[in-house]
Every structure is written in structure tokens, then in C-alpha cells.
Amino acid sequence: MEDGKLSLDLLMGLSIFLFTFIFVANFLPGVFADVRNEINLANQAYRISTLLVEDPGYSSGWYNITEDRCRTEEFRPGLAVYDLETGVKYNNLSVEKIQTFARLLNNTTCIERVRFYLGLNLSTLGGQVFRFNVSLKNLAGDLVTYNRSVLLNHGDKIPVTQVVRFERIVYLDKWADNCNVTIEGQNVAIADRCVAKLEVSVWI
Amino acid sequence: MDLKGQTFTLEGVAASLLILIATYTIFQSTVVMSPSWSEFNNIQLKQLGYDILRVIDNPEAVNSSLRGMIGNLSCGDGNYYAPAEFSQNLSALLNALPAYGRVELIWFNGSSIETAVLFNFSKNPTPNAVRVSRLVAASNDNCLPNAKIVEVRLTLWR
Amino acid sequence: MEVNEKGQMILLFAAAVVVIILSISYVYAQNVIAGIESSRTMLAFPKEEIRNLCELASSSSTSTDEVVRQVRILCAKNGWVCNYNYPYRVEFKNLEVEYDAQDCRR
């Protein structure tokens, strides 16, 4: 007659095995590329910063757009100055374009259009939606102000979770209030230009 | 104590070991390793380097631009001194990143290629430093003889 | 002697799990390799060098024979083959990229 008792031996062996199995099952998905969004974040941050700093935007008068037209008009933001003779002036940002960009990011509908045209909203293609924040700081780390108002510190609110940031050194086409740097007590403009740091942060 | 009947425990332990060793072996191979995070830091530093060289290459600035620096270079005893304004500006820029920098000038003197290090930016880089260069059309008959164009090479590290 | 063959199912489970891990990792490895390769191209394409040459090619004063010759020599020291003509004609070749443009602004 067999008693239907589970031996302690079996329980021990089975529990050790199950313990390991559950540990590995939890650990595995975290390693594969599909789930690790951080890999994609770095690419997006680099891409957005390059798009803003090295591209004048489409169309050539995109910075004249107003908040009520942003839903219907197609445009791509780009902050670089475009000179009719020499072409794009890389790393030279136009204050006017920055101001338009900041205005668009302040508006709740327009920021979604900007997100879409920057290629950060891939939901229609079955992909993810990224959040982003762009800010312009001077070399001391303070936000650049123009006519006493902050020029660019707009986008989604930066969270405490994993955020990837890419920085670029740029110079503006107009003199802002605080682009000078203090060297040995004197206010100096680096290379006679209004040099600033553009920070692009991207997260999920 | 009865030492018989421990087969299941041994089996369980062996099974766990098998799974763990297999997982460990697989993840030691480069195939499933995550793309190196350090590569992204290199990209960031390299792009900042290019940006710095582009921003300080102002054809209109006199002493603080690359052109001005090359034109007003002073040399002696094998050392090359950039104008003080340029050194201060570049140091301020590097401090703001923050990063350390080394600046070298490379030019062709008619028969061979010569290299010179700027006196104030002559620290030795770490192994993970990045190097960026920019060709600047400037000349200095005194210190860089026969050079019509100079390659400014900036090495950056953190 | 009797061989006790009971309780081999646990080891069997373990073997099955290992096989599943191996197969999944083989399939998903392609994703990771693609990620590595695309991030390497950031470092590989000589965007700034080509733009530098384009800016030199945009002005006739920096496109004289002597300057172009020195540029070619300095490029060669870095392992590149470069050449440019006024206006806006740029050629650049390094180990990974070959670039030839009649108008480098486009």
C-alpha cells in the first residue's frame, strides 16, 4: 500500500530548481534589446540634438508659424541659421527660431505636433512615444535669457527615471543677456561669440 | 539520521546549477552583451570636441579664435605659446564641459610634417581620450614656417 | 543491482529550460548586433571632416594649389585621401567611407 506522501527530498529538490528557474526567468527579459529602451534613448538624444543644431528646419520660414496653424501645417523644427550665400551655418542658432520653438513647446497641442515631426512619436508605426526636453544654458550652467526672459527650457517635465542627455556647444546669432563668461574678473565672450550649451534630454 | 533518499535534492541542485551555468556562459559571450555604454560617452565627447573647434574658429575674432591663435603664436625653446586670450577662452570652455584638453598643431613645412603642442594645453591624455581635428587656413612665418594651412588637433578626456 | 531511475524529471526540466534559453538568445541576438552597428556609424562617418573641406572649398583664397597640396598631405597623415576644388567640389576617402560631391552644400 503506498502512502501518498511527498518526500521532503522531493520538495527540497523541486524548490531549489523552481527558485533558480524563477530567478532566471525574471532576469532574462531584462537583458534583451527589445526591452532595454535605454539603447534607443541614446540614439534619439543624439539625433534630436543634431537635428536642432545642424539643420535650419523645413520649410525655410517655419519659424513664422503660429500656435493655431501648428496642427494643420507641416513643418520640421531646426534652429540653425541659414545664410543665402554660404548655406547652413552649423552650430549657429537663430534666436528667432529658438523663440518660436519655445512657444510651440509651451502649447499643449503644438508640442505633440513637434514631437511627431521630430520623429519621437512612433505610435502610428507601432513603436514607442518618447518624451523630450530641450534647454539652452550658458557656460556657467545658468539658463540663457534674452531680454530678461528665459530663451529655451521647454518640453516635457524631466522625471527622476532614466533620462539620457546629449549636449552640444553652440553660438547664437544675437547677443543674449548672459552669454559672457567671467575670466579673471572680466566679462568675456568666447571667440567673440555668444557661446552656449544646448542640452537635449530624452526618456520614455 | 537517514542519509538515504536524497536523490531529488541532488537532482534539484544539479538542475539549478545547469541552468545557472548555461545562463552565465551565454551572457559572457559578446553576442548578448548590451552595446557598450562607454561608446556613447565617446560620441558625446567627440561631438563636443568638434563643436568647440567649430565655435572658436571665428574668422572675425582677432586673438581668441583659431586663426588669431595661429597668427599670433609665439615660440621659443621648443615651446609654443598661444596668446593669453585664446588660452583663457579655451580653458573656460573646457572647464564648462567639464573636460581636460590637449592642443596640438600639425603643419607641413615644405619637406616634412611637424607637430607642436601648445604650452598651456600639454597635459597627457588618458587612454580613453578622443581626438578631433580641424584644418584652419592660417599661417605664421615665424613659428610655423611654410605652412599655409594648419591642422589643430584637440584631444579631450574626462 | 537495481538502478533507481526515479526523479529524473527535474533534470529534464532543467535541460529543456536551457535549450529554450539558447534558442531565444540566438534569435534576439540579432537585435543587439543591429544596435551596436547603428551606434558605431555615428563615430564612423566623417561628417565634420567633410564639412571642413567644404568650407575650405567655398573660398578661392583657401583653394589655391599650395593650400590644397598641404591639405592633401595633412589628410594623408591621418589616413585619409582628400581633395577639393573651388567651388564646392570635395572628395574624401577613408577606410570606411568614400565621398565625392560636385556641390558639397547639397
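What this report covers is the structure whose coordinates are included nearby.

Cut-offs and rules
Residues numbered from 1 in each chain as written. Chains lettered and ligands numbered in written order. Predicted model: local features only at pLDDT ≥ 70, side-chain atom pairs only at ≥ 80, totals over all residues. Helix = DSSP H or I, 4+ residues; strand = E, 2+ residues; numbered from the N terminus. Contact = placed C-beta atoms within 7 Å. Nonpolar A, V, L, I, M, F, W, Y, C, P; charged D, E, K, R; others polar. Pairing = 2+ DSSP bridges. Axes fitted to C-alpha atoms, helices over the stretch in contact; angles between N-to-C directions. Buried ≥ 20, exposed ≤ 12 C-beta atoms within 10 Å, placed from the backbone.

**Examining unusual backbone geometry**
Argument step 1. A cis amide bond links Tyr58 of chain A with the next residue in sequence, Ser59 of chain A, at an omega value of -5°.
Argument step 2. The linkage connecting Tyr86 of chain C with the following residue, Pro87 of chain C, adopts the cis geometry, with an omega of -5°.
Argument step 3. Note that Pro87 of chain C resides in the loop between β1 (81-85) and β2 (89-93).
Argument step 4. A positive phi is found at Glu184 of chain A, a non-glycine position, where the angle reads about 50°.

**Quick look at the interface of chain B and chain A**
Argument step 1. Of the residues lining the interface, 37 residues belong to chain B; the matching set on chain A comes to 32 residues.
Argument step 2. Going through the elements one at a time, α1 (7-28), α2 (37-55) and α4 (84-96) of chain B are the ones with two or more residues in the side of chain B that touches chain A.
Argument step 3. With 12 residues, α1 of chain B is the largest single contributor of residues to the side of chain B that touches chain A.
Argument step 4. Across the side of chain B that touches chain A, the residue classes break down as 18 nonpolar, 15 polar and four charged.

**Side note on the pairing of strand β3 (residues 131-137) of chain A**
Residue and element names in this part refer to chain A.
Argument step 1. The sheet contact formed by β3 and strand β10 (residues 194-203) spans seven bridges and is antiparallel. Bridge pairing in β10 places Phe132 opposite Val202.
Argument step 2. Looking at chain direction, β3 and strand β6 (residues 153-155) are connected through three bridges and run antiparallel. Opposite Asn133, over in β6, you have Gly155 as the bridge partner.

**A look at the sheet that holds strand β3 (residues 100-108) of chain B**
Argument step 1. Spatial strand order, β4-β3-β6-β5 (chain B): four strands in an open sheet with antiparallel pairing. The two strands at the open ends of the sheet, each matched to only one other strand, are β4 (113-117) and β5 (130-136) of chain B. Going from strand to strand, the sheet's axes swing by 25° on average, the running direction of each strand aside.
Argument step 2. Here seven bridges tie β5 of chain B to strand β6 (residues 150-157) of chain B, and the two strands are oriented antiparallel to one another. Within the sheet, the bridge partner assigned to Arg131 of chain B lies in β6 of chain B and is Thr155 of chain B.
Argument step 3. Together, β3, β4, β5 and β6 of chain B form the strand contacts of helix α3 (residues 65-77) of chain C, whose direction differs from that of β3 of chain B by roughly 130°.

**Details of the environment of Ser122 of chain B**
All names here are of chain B.
Argument step 1. Structurally, Ser122 is set in the loop between β4 and β5.
Argument step 2. Given 12 C-beta atoms within 10 Å, Ser122 falls into the exposed group.
Argument step 3. For the pair formed by Ser122 and Glu60, sequence separation is 62 residues and the distance between their alpha carbons is 27 Å.
Argument step 4. Non-local contacts of Ser122, meaning those with residues more than four positions away in its chain, are made with Arg102 and Val117.

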